[in-house]
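Inside the fold
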Amino acid sequence: MGTMENKKQEKEQALPALSMEEWNVRFDILNNSLRMILKYIFALCVVWCVIYVSIGGRGWLLSGVKAMAIPVILLVLTELFTYFFRRFRLSLNDAVVLFIMDFTVMLVTMTDFWTHSLMFICMLPLILGLFLQREKLIYFQMGISFAMMAAHYLLVEWLSVPKLKDNILLNGSAALFNIVVFANMIVQVRKYVQMLDTQTTIDSLTRLHNHECFYEALDQKLAAFQESGEPLCVLIADIDNFKKVNDTFGHAYGDQVLKTLAAIFSSEASKKCFAARYGGEEFSMIMEMSQSDAITKAQTIRKHFEQSTIPTSDGELHSFTLSIGVALYNNGFKSSSQFFEKADEALYQAKKGGKNRVCVYKES
């Protein structure tokens, strides 16, 4: 019994709830994709109506007009999706995303029972597999896509006539529709993947690079140092008495203080200065410059922060101070962690020496 409960807990932990940002991106992808498909299927149906008239007369015109009913239905469903999901923030987990896309694809294929060209649109939901969390669901979707393709193929074989099934204009316009829709869908999914990459490298509060990204950059800079020998410094800054800030004014105000310092770090960042939020109230920077220039940079950041005034919800203005430690890299350091530890030691000296100052690591 205990084993079954453990497996259930592991399964739940393996699929974390979507963050607000991730839900928003999924919603945007589906909303934009549905409207994109709607736009192109409407255009395709108009083209088909013209082709039906040219090759079949009134009977084929009636068939084309019937096909136009699908874009109208798709338009209504898209508006309902936008309204209800945005208003009530309904779940957009993997299964829901695939169901919405499968249903849309099914409607699209119903616009054409005369050619095989739209059969390949059944594979469109598989593109979403690039960001789905559940691998098994992707294989399940593959089976659904092939089943829809087979069903469409059989219906066309049963309902169509060679005059239509082999028509170059019908097949050509449908093939163009497939290409355009697939290309636009890939663009939508790429946006989602880029968002995930951003989430893993950017701190959500300050929009600076995060702890992991900082060490990746530091390792890269150290590798470059071995080749060029150009001076390399690192600094770590810590807001003085930050716990007291949170206790006195609240965490929301503390976040404003962090954002203020982050903005200063961001303004001082450049190709030679890599800024990051190291964690909590600590910020760091990798600087490809001499020790004297690094100290000047650190003093600029410290003074700028000290001179900044941050209003509370009551309109009161407060300013705060910053302690900074700086270290210059040398070949005696065995790793990036040891290099950073030296800057941390300098920060400790700055705190110990009275705070609101810049201290530099010196070999003992």
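This report concerns the structure included in the present document. For clarity, every value in this text was computed on a predicted model and none was experimentally measured.

1. Some details on the layout of surface pockets
Unfilled space is identified by rolling a water-sized probe across the atoms. Volume-wise, the largest pocket comes out at about 230 Å³. If you list the elements that add at least two residues to the lining of the largest pocket, you get helix H4 (69-88) and helix H5 (94-109). It is H4 that contributes the most residues to the lining of the largest pocket, six residues altogether.

2. Re the packing of aromatic side chains
Tallied over the entire structure, the rule returns 20 aromatic pairs. The interplanar angle of 5° and the centroid separation of 5.4 Å between the aromatic rings of tryptophan 23 and phenylalanine 27 together place this pair among those described as stacked. Here the residue tryptophan 23 and the residue phenylalanine 27 both occupy positions in helix H2 (residues 20-56), the gap between them amounting to four residues, near one helical turn. Side by side, tryptophan 23 and phenylalanine 27 carry an identical accessibility label, which is buried. Geometrically, the ring pair formed by phenylalanine 214 and tyrosine 278 is edge-to-face, given 5.9 Å between the ring centres and 90° between the ring planes. With a gap of 64 residues between them, phenylalanine 214 in helix H9 (residues 211-228) and tyrosine 278 in strand E2 (residues 273-279) connect regions that are remote in the sequence. Pair check on accessibility: phenylalanine 214 and tyrosine 278 agree, each one buried. Through a chain of ring-to-ring contacts, the aromatic side chains of Phe225, Tyr329, Phe333, Phe339 and Tyr361 assemble into a single cluster.

3. A short note on helix H13 (residues 336-352)
Across its 17 residues, H13 extends 24 Å between first and last C-alpha, which sits within 8% of the 24 Å expected from 1.5 Å per residue. Buried residues of H13: Ser336, Phe339, Phe340, Lys342, Ala343, Ala346, Leu347 and Ala350, and no others. Mapping the buried residues of H13 onto a view down its axis gives an arc of 150°, with all of them on the same face. Within H13, the exposed residues directed more than 90 degrees away from the buried face are Tyr348 and Lys352.

4. Topic: the state of the cysteines
For the structure on display, the rule yields zero disulfides. We note that cysteine 45 lacks a disulfide partner, and the nearest cysteine sulfur, in cysteine 49, lies 6.8 Å from it. Left without a disulfide partner, cysteine 213 is nearest to the cysteine sulfur of cysteine 273, which lies 15 Å away.

5. Remarks on the environment of phenylalanine 88
Structurally, phenylalanine 88 is set in helix H4. Along the primary structure phenylalanine 88 and leucine 124 are separated by 36 residues, whereas in three dimensions their C-alpha atoms are 27 Å apart.

6. Here we look at the environment of lysine 221
Mapped onto the secondary structure, lysine 221 falls in helix H9. According to the relative accessible area criterion, lysine 221 is partly exposed, its value standing at 22%. Placed 65 residues apart in sequence, lysine 221 and isoleucine 286 show a C-alpha to C-alpha distance of 8.3 Å. Those residues in contact with lysine 221 that lie beyond four places of it in its chain are Leu232, Lys271, Ile286 and Glu288.

7. Focus: the nonpolar core
Leu124 and Leu128 are the most contacted members of the largest nonpolar core, which has 52 residues in total. Put simply, the parts of the chain that give this core at least two residues each are H2, H4, H5, helix H6 (135-159) and helix H8 (168-201). Once you skip the residues sitting within four places of it in the chain, leucine 128 turns out to touch Ile29, Val97, Leu98, Met101, Met185 and Val189. In this structure, Cys233, Ala275, Met287 and Ile301 belong to the second largest nonpolar core, which totals 30 residues.

8. A look at the pairing of strand E3 (residues 282-287)
Taken residue by residue, a regular strand's side chains alternate between the two faces of the sheet. Taken across its six residues, E3 has five buried, putting it largely inside the fold. Taken together, the six bridges between strand E1 (residues 233-239) and E3 define a ladder with antiparallel strand orientation. Bridge pairing links alanine 237 to phenylalanine 283 in E3. Bridge count for E2 against E3 is six bridges, and the pairing is antiparallel. Residue pairing in the sheet places glycine 279 in a bridge with glutamate 282 of E3. Once E2 ends, the chain turns through two residues before running back antiparallel as E3, passing glycine 280 with a positive phi of about 55°.

9. Examining the pattern of salt bridges
Counting across every chain of the model gives 10 salt bridges. Between arginine 302 and glutamate 306 there is a salt bridge, with the nearest N and O atoms lying 3.4 Å from each other. A residue pair is termed a helical-turn pair when its members lie 3 or 4 positions apart in one helix, as arginine 302 and glutamate 306 do in helix H12 (residues 291-307) at four residues. A residue is classified by how much of its surface remains accessible, and arginine 302, at 10% relative accessible area, is buried.

Criteria and thresholds
Residues numbered from 1 in each chain as written. Predicted model: local features only at pLDDT ≥ 70, side-chain atom pairs only at ≥ 80, totals over all residues. Heavy atoms only, no water. 1 Å grid on protein atoms, 1.4 Å probe; cavity = no way out; pocket = protein on both sides within 12 Å on 5 of 7 lines; lining within 4 Å. Points joined across faces, edges and corners; volume = space filled by probe spheres on them. Helix = DSSP H or I, 4+ residues; strand = E, 2+ residues; numbered from the N terminus. Phe/Tyr/Trp six-rings, centres within 6.5 Å; stacked < 30°, edge-to-face > 60°. Buried < 20%, exposed > 50% of the residue type's maximum accessible area, 1.4 Å probe, protein only. Expected span 1.5 Å × (residues − 1). Arc of directions from axis to C-beta. Disulfide = S-S within 2.5 Å. Contact = heavy atoms within 4.5 Å. Core = buried A, V, L, I, M, F, W, Y, C linked by side-chain atoms within 4.5 Å. Pairing = 2+ DSSP bridges. Salt bridge = Lys/Arg side-chain N within 4 Å of Asp/Glu carboxyl O.

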